[in-house]
Amino acid sequence: MPQNRSFVLICKSSDLPPLSSHPFTFFQAGEKKEGFLINENGTFNAYLNRCRHQGITLDWDTGDFYRPDKKVLICKTHGATYHPGTGACAGGPCNGKSLFRLPLAIEGEGIYLDLSVPEPFS
Ligand code: FES
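Residues numbered from 1 in each chain as written. Predicted model: local features only at pLDDT ≥ 70, side-chain atom pairs only at ≥ 80, totals over all residues.

Novice: Got a minute to help me understand the sheet that holds strand E4 (residues 43–48) in this structure?
Specialist: One key point about sheets: their strands pair by backbone hydrogen bonds, in either a parallel or an antiparallel sense. On the basis of which strands lie adjacent, the open sheet formed by four strands has the order E2-E3-E4-E8 and antiparallel pairing. Of all the strands in the sheet, just strand E2 (21–28) and strand E8 (101–102) have a single pairing partner and so form its edges. Strand direction decides the pairing type here: E2 and strand E3 (residues 31–40), joined by eight bridges, are antiparallel. Paired with threonine 25 across the strands is glutamate 34, a residue of E3. (Pairing = 2+ DSSP bridges. Helix = DSSP H or I, 4+ residues; strand = E, 2+ residues; numbered from the N terminus.)

Novice: In this structure, what is going on with the nonpolar core? I would like to understand it.
Specialist: A general tendency of soluble globular proteins is for nonpolar side chains to be buried together. If you look at the biggest cluster of nonpolar residues, it comprises 21 residues, and the most contacted ones within it are Phe36, Leu37, Ala46, Tyr47, Ala80 and Tyr82. Looking at this core, the elements with two or more residues in it are E3, E4, strand E5 (73–74) and strand E10 (110–114). With near-sequence residues (within four places) excluded, leucine 37 lies in contact with Ile10, Cys11, Leu16, Ser21, His22, Phe24, Phe44, Ala46 and Ile111. (Core = buried A, V, L, I, M, F, W, Y, C linked by C-beta atoms within 7 Å. Buried ≥ 20, exposed ≤ 12 C-beta atoms within 10 Å, placed from the backbone. Contact = placed C-beta atoms within 7 Å.)

Novice: Teacher, can you tell me more about the pairing of E4 here?
Specialist: Looking down a regular strand, the side chains alternate between one sheet face and the other. Note that E3 and E4 share six bridges and pair antiparallel. Each residue of the ladder has a partner; that of glycine 35, found in E4, is leucine 48. Linkage of E3 to E4, two consecutive antiparallel strands, is achieved through a turn of two residues, within which asparagine 41 is found at a positive phi near 55°. Two elements, E4 and E8, share two bridges in a ladder whose sense is antiparallel.

Novice: For this particular structure, what's the right way to read the sheet that holds E10?
Specialist: If you trace the three strands from one edge of the open sheet to the other, you get E1-E10-E9, paired in antiparallel fashion. The open sheet has two edge strands, strand E1 (7–12) and strand E9 (104–107), and neither has a second partner. Within this sheet the neighbouring strands show an average axis-to-axis angle of 30°, counted without direction. Pairing analysis gives four bridges linking E9 to E10, with the strands arranged antiparallel. Across the sheet, glutamate 107 pairs through a bridge with glycine 110, a residue of E10. (Axes fitted to C-alpha atoms, helices over the stretch in contact; angles between N-to-C directions.)

Here it is as structure tokens:
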């Protein structure tokens, strides 16, 4: 990984089975934020844990972001759904908005959050 960038280990890929999710917290510009990592059948994506409907967390602290059928991510408050691969709204009150994607770097088994990329969601 580039030496001039800032990375934080989220977890090891072997700790996250396919179609499962892993919440995490991180600090950016001195502010604590929540994110979550998903394993979409071998592709890892991370998003800010902030629903685009009312700006609250999606999971009610359960750590589970997939709908039971595992086809979409779901906000447990009013049922907005998001495509796991892109974060785009898939239905419900997110009204065409997307989850904010968090940049990742993968090295070996390590999945890292890349904090050197400017945040798009402040
Ligand atoms: S806050 Fe997520 S659907 Fe309303």
